[in-house]
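Understanding the architecture of this molecule
What follows is each chain in one-letter form.
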Amino acid sequence: MMMTMAACTATASDGDEPAIPERGTGRTCDAAKAQALVGRVADEALGAEAMRLTGAGALRWVPIGAMVTMDYRPDRLNIHLGPRNEVTRIACG
């Protein structure tokens, strides 16, 4: 069963106001800290764990064959998914 996930989410930058992705969150993503998640089936809990491990301020799910913007954001975590909704790659940017 393939699940649908939101393309990009951001956490609050400070206080009650949500972060505005175009401005960034002020955080820096470190994808190396979440590489153990590659191969697991993607779900909301995995996304939250990846965000916690990497310190990212925004998350983008990238399903197989999806087109994504090429803008670079040091705070964004990209989780690439395979045909069975498994994580195939974790990268920042």
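Okay, so let's go over this structure. (Residues numbered from 1 in each chain as written. Predicted model: local features only at pLDDT ≥ 70, side-chain atom pairs only at ≥ 80, totals over all residues. Heavy atoms only, no water.)

**Concerning the overall build of the protein**
Across its full length, the protein carries 1 helix and 6 strands. Along the chain direction, N to C, the helices and strands of the protein fall in the order β-β-β-α-β-β-β. Expressed as a percentage of the 93 residues in the protein, the buried residues total 38%. Restricting to contacts in the protein with at least 6 residues of sequence separation, those with at least 24 account for 50%. Here the protein displays about 5700 Å² of accessible surface, and carbon together with sulfur accounts for 56% of that area. (Helix = DSSP H or I, 4+ residues; strand = E, 2+ residues; numbered from the N terminus. Buried < 20%, exposed > 50% of the residue type's maximum accessible area, 1.4 Å probe, protein only. Contact = heavy atoms within 4.5 Å. Areas by Shrake-Rupley, 256 points an atom, 1.4 Å probe, with all protein chains shown as cover.)

**Re the pairing of strand 4 (residues 58-62)**
When you tally the buried positions in strand 4, you get 5 out of 5 residues, the bulk of the element. Taking every second residue as pointing to the same face, both faces of strand 4 are buried, with A58, R60 and V62 on one and L59 and W61 on the other. Of the strand pairs in this sheet, strand 4 and strand 5 (residues 76-81) are connected by 5 bridges, and their pairing is parallel. Following the sheet pairing, R60 is matched in strand 5 by N78. (Pairing = 2+ DSSP bridges.)

**Here we look at helix 1 (residues 44-54)**
All of the buried residues in helix 1 are L46, G47, A50, M51 and T54. Each buried residue of helix 1 sits inside an arc of 135° when the element is viewed along its axis, so together they form one side. With respect to the buried face of helix 1, the exposed residues turned more than 90 degrees away are E44, A45 and R52. Tucked inside the fold, the buried residues of helix 1 contact strand 4, strand 5 and strand 6 (87-92). One side-chain oxygen of the residue at the start of helix 1 lies 3.2 Å from the amide nitrogen of A45, identifying that residue as D43. (Arc of directions from axis to C-beta. Polar contact = N/O pair within 3.5 Å; in protein donor to acceptor, adjacent residues only side chain to side chain.)

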